[in-house]
Amino acid sequence: MSAAKRRTTVLTWLAEWLTPLLIMLPAAWALLPGGLPNTADGAVHFMRAAEMVHAWQDGIWLPRWSQHLGYGYGIPLFVYTPPLPYLLVAGLHRLGLSPEAAYKGMLLLGLALAATGAYRMSRVLLGVWAGAVSAAAFLYAPIQLRELFIQGNAAQFLSWAFAPWAAWAVIQLYRTAPQASLSRYLIGLALAVVGTSLSHNVTALLLMGMVVGLALVLLLATRAWRSLLWTLTGSAFGLALSAWFWAPALLEGRYVALERIVASDFRSRFIPLAELVAWPPRLDTGAINPAFPLTLGAAQVGAAWLGVAGWLALVIWPRVDSSPARAERRVLWGTGFFMALFAAFCGFMATRWSEPVWQALPFVELFEWPFRWHGFTAIGLSWLAGAAAAGAGRLSRRLEAGVGPALLLLLMAAALVHLYPQKLLPGTRRIAPAEVVRFEVKSAAIGSTSLGEYTPIWVEEIINGSPLVEEVMAGQPANRLPDPLPPGMTGAPLAATAHSQRYRLSVAAPLTLTLELFYFPGWQAAIQSEAGNTPVAIAPHPGSGLMDVALPQGDYTLALTFGGTPLRRVAGWVSALAWAGLIALTGVWGVWKRQATVQAREPVETPIDGLPGVALATLLVLVLRIGFPAWFTLRSPPDQALPARVALRADFEDKLRLLGIDPPPTLVEPGQPLTLAAYWRALHSLDEDYAVFLHLDDPVTGETLATADQRHPADIPTSDWATGLYVRNLLRLVVPAGAPPIQYALRLGVYDPTSGAILAANGDPSGLFEVGRVWVAAKPAPRPPDGPQVRFGEGIVLAGAALDADAGTLALYWRAASPPAGDYSIFVHLLDASGQVIGQLDGAPYANRYPLRAWRPDTLIEDRRSLAAAGVTPAQVQRIAIGVYDLATGVRLPAVDASGAPLPDQALILTWPEAKEPRAEEQ
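Residues numbered from 1 in each chain as written. Predicted model: local features only at pLDDT ≥ 70, side-chain atom pairs only at ≥ 80, totals over all residues. Heavy atoms only, no water.

Draft legend 1. Inspection of helix 22 (residues 433-443) at higher detail. Among all positions in helix 22, only Ala-434, Glu-435, Val-436, Val-437, Phe-439, Glu-440 and Ser-443 are buried. Its buried side turned inward, helix 22 meets helix 3 (42-57) and helix 23 (469-473). Backbone geometry just downstream of helix 22 places Ala-444 in the positive-phi region, at approximately 60°. (Buried < 20%, exposed > 50% of the residue type's maximum accessible area, 1.4 Å probe, protein only. Helix = DSSP H or I, 4+ residues; strand = E, 2+ residues; numbered from the N terminus. Contact = heavy atoms within 4.5 Å.)

Below is the structure:
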């Protein structure tokens, strides 16, 4: 190879990798300066990383046990939590980075993987500009930036970064010459499966569905059965490589309280269509947790629609017509069809219309949040966005060179509203064991999870403390010997690591010692003496789940080690053999690469040509971000929450101030969720952690029908609130299915969860502050009885009536084509034999709490009234006069019967024989 050709090859290779890295530069610019992003889940993942660092400091490179979580008792965290994010942090810390820099390094690696993977995924079929556009569409998808800067689920963020690499590998397995690069793409697919499996459990399940779906669609398009075989082989290879983790996590789930996950219900978390395709708003820098809609991104969705047309143009009007080109076109057709279908399906799964599909899915309790599908919707949308640039190139290269940068700039600029994250002060997060325990005590997130699902099943009660907490928080190693020791025994700790404990003991008589350490399968105990090592029995202590050790008489060292169960050992050997195979396959790839004469068909465009345009678009975005922050951010004054739709001011003693709310709809269905957003700020720095509640109260009786309670508003303890910023707190309750269709009061309150004391609201000692009212829709009423049909006014219809003589109640069945415009009421006059009024039951249905102006159109309303309320008995009543009148004037509305004939006195007169029981059928 000549020097000029070699130089061109090197420059092309550099441009190939530099293009996606340039595209990620604005996101990296937002991440790197200052402290860590102030995210909802950031502390959880940082503390998990801290426990990984502690294990590495002990020389344990793949730990299973967290020695400080569980209030110091220990938790089998890394048996069930995918460890890759925390392994990366520990590895970068080992290289000399500070803990915060190492954590950022892990996030930066996720950004790089996402950008390069999305670029390669589209580049292979669509070209350089398509790859660049896809990289921007995927990397700057709102859900990605939400996880990076707002939510902070580092594990999920990292796992999504492997998905485009899996798609790239499957596409290449269907389009490349098998002997040339087969092992390369097998390895790529296997490593993508490994990366996802070791990052996030739910994403791994979804990834396997994506891989299988893409492979089957490409099989239909190409009939390449061998490629399907290699795809399945690569996926199985990846599962084997990661079997050491996922097999025990799946098959040993019975040892921990995973059933607590089902307490989280996905049904209340579906995303409205308007939010799904919303343009991202400016984020309020005056908020600790600014509102961030769960949108797919209007720019991404719009570019994807253009991409559908571009893909069709590429398929229908190929540039050349030859056998290789026709084969490539079949792969292109199958890929585009799958990406469009996949994006539509994943977007659909985030909406309420998908509930039957959710209910049919296995492991549905693990999914919890419908927005999890967004990470995969972004895969389909990003490929289609790239197809928009490639489709323009089908018309002219010059047009592609204009459309590509325009789309790139649009996608990156639309994300600028997310690139001003709130940051913690540098050094806020620390990795000392005391910080891990302090975090758990403060957050009550046992084992770093809100539901404590990784607690061993032998722990029968939810733990809320331990005698080890003070020791660890004081910077001392935990002494797991009980205090006091049993009579006739002395002892002291010798050494402790994440997977081992050693104690020097002297035991006068055989006894059972209960250590301050949770029992879990894998722990083993042995007596070390001059005679050698002798195993001793261990068991969970009834109730507490602590470890009971059967000790013999004598002086010796007690050694505890955390090892593998038979399942963990088998899974470990499977993975070890698979990794040995991976090394061998990598060597084969190297040999094939040197010998192969037939290579995979790459697009003819060179990345060097597109690099200036990518650099210019990136530079423009950086200039906008640095020079014009006021265009893309919002800043609420210290005592306001500008995004709140309703501004309020309510002080809960001298602790918290309610600044405003986003009220729910004024009408909700029974059995459905109701969500209210409350905007709070701390009036001064708080040492206590206060809880908040939302009540749905009957405004007349004061009865509470439903409540929402949050120990930490927005999952942020009030002791962590900065006084100059507000917190947006979503409160969600479910309206009872049997709630009467009346107007209810929504009331907020604040209380001390330790004492249970409710804080006074604006001086009201009840602590209940009404923030609005909401109507509950009427449920379907029984079919009305046969009888007179009467219309009052333009559209109020009495569809039937029934008397229950035993109960002394009258049931009226009403319907209106539309809510009456006036302020009307219903009169019910009870008449004796002479026609004199002996009692009245006037008012709107449900004790006058369902006014006619609030009636839902064409909904049958069952209006029951008790004669006892009028002070009469059924025996006294001979006839009933029913009508509707204007409350302001007292004038009755015209009444006509079913034939249109006017009724005397604008009233329906019923006698008891005409009042019949309703039928049982539902309307």
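Draft legend 2. Inspection of the environment of Leu-173 at higher detail. Tracing the sequence through the fold places Leu-173 in helix 10 (residues 163-175). C-alpha of Leu-173 to C-alpha of Leu-577: the two residues are 404 residues apart in sequence and 24 Å apart in space.

Draft legend 3. Just the packing of aromatic side chains, in detail. Inspection of every chain in the model, using the stated rule, returns 34 aromatic pairs. An angle of 45° between the planes, with centres 6.2 Å apart, marks the rings of Trp-65 and Phe-520 as tilted. Taken as a pair, Trp-65 in the loop between helix 3 and helix 4 (77-80) and Phe-520 in the loop between strand 4 (511-518) and strand 5 (523-529) lie far apart in primary sequence, 455 residues in all. In this pair, the class of Trp-65 matches that of Phe-520, namely buried. (Phe/Tyr/Trp six-rings, centres within 6.5 Å; stacked < 30°, edge-to-face > 60°.)

Draft legend 4. Unusual backbone geometry, seen in detail. Put simply, Asp-483 and Pro-484 share a cis peptide bond, and its omega is 5°. With respect to the secondary-structure elements, Pro-484 resides in the loop between helix 23 and strand 2 (489-497). Of note, Ala-847 is a non-glycine position whose phi angle comes to about 55°, a positive value. By secondary structure assignment, the location of Ala-847 is in helix 27 (residues 845-848).

Draft legend 5. The arrangement of the pattern of salt bridges in detail. The final tally for this structure, using the stated rule, is 21 salt bridges. One salt bridge connects Asp-654 with Lys-655, and the closest N-O pair in it is separated by 3.6 Å. Note on Asp-654: relative accessible area 42%, which makes it partly exposed. Between Asp-698 and Arg-849 there is a salt bridge, and its shortest N-O distance comes to 2.3 Å. (Salt bridge = Lys/Arg side-chain N within 4 Å of Asp/Glu carboxyl O.)

Draft legend 6. Spotlight on the nonpolar core. Formed by 200 residues in total, the largest nonpolar core has its most connected members in Tyr-140, Met-210, Trp-383 and Leu-551. A total of 14 residues in this core trace back to one element, the largest contributor, which is helix 6 (residues 99-126). (Core = buried A, V, L, I, M, F, W, Y, C linked by side-chain atoms within 4.5 Å.)

Draft legend 7. A look at the sheet that holds strand 27 (residues 895-896). If you trace the five strands from one edge of the open sheet to the other, you get 25-22-21-20-27, paired in antiparallel fashion. The sheet is open, and its two edges are formed by strand 25 (861-866) and strand 27, each paired on a single side. Sheet analysis places strand 22 (residues 809-816) next to strand 25, joined by six bridges and oriented antiparallel. In the sheet register, Thr-809 faces strand 25, and the bridge partner there is Ser-866. (Pairing = 2+ DSSP bridges.)

Draft legend 8. Here's a closer look at the pairing of strand 8 (residues 546-551). Burial of strand 8 is extensive: five of the six residues sit out of reach of the surface. Bridging between strand 4 and strand 8 involves six bridges; their strand directions are antiparallel. Its bridge partner being in strand 8, Thr-514 is matched across the sheet by Asp-548. Pairing of strand 7 (residues 538-540) with strand 8 involves three bridges; the strand directions are antiparallel. When the bridges of strand 8 are listed, Pro-540 appears paired with Met-547. Counting the residues between successive antiparallel strands, the hairpin from strand 7 to strand 8 contains five residues, one of them, Gly-543, with a positive phi of roughly 90°.

Draft legend 9. Up close: the confidence of the model for the protein chain. Confidence in the prediction for the protein chain averages 88 pLDDT; 92% of positions are at 70 or higher. Per-residue pLDDT stays below 50 along residues 596-604; that stretch engages in 21 contacts with residues further than four places along the chain or on separate chains. In the predicted structure, residues 914-923 sits below a pLDDT of 50 and forms 32 contacts with residues beyond four places in sequence or in another chain. (pLDDT = per-residue confidence, 0-100.)

Draft legend 10. Quick peek at the sheet that holds strand 8. As summarised here, the arrangement of the three strands in space is 4-8-7, forming an open sheet in which the pairing is antiparallel. If you trace the sheet from one side to the other, it starts and ends with strand 4 and strand 7, each paired once. For this sheet, the mean angle separating the axes of adjacent strands, direction not counted, is 30°. (Axes fitted to C-alpha atoms, helices over the stretch in contact; angles between N-to-C directions.)

Draft legend 11. Examining helix 3 more closely. Here helix 3 contains 16 residues, and its C-alpha end-to-end distance of 22 Å stays within 8% of the 22 Å for a straight helix at 1.5 Å per residue. With 15 of 16 residues buried, helix 3 is to be regarded as a mostly interior element. Gly-59 occupies a position one or two residues after helix 3 and carries a positive phi of about 85°. (Expected span 1.5 Å × (residues − 1).)

Draft legend 12. A nonpolar patch on the surface, seen in detail. On the surface, Leu-616, Leu-619, Leu-620, Val-623, Phe-628 and Trp-631 cluster together into a nonpolar patch covering about 590 Å² of accessible area. In terms of residue count, the dominant contributor to the nonpolar patch is helix 25 (residues 607-627) (four residues). Of note, Phe-628 is situated in the loop between helix 25 and helix 26 (629-632). (Patch = residues over 30% accessible without salt bridge, like charges linked within 9 Å, V, L, I, M, F, W, Y side chains within 5 Å. Areas by Shrake-Rupley, 256 points an atom, 1.4 Å probe, with all protein chains shown as cover.)

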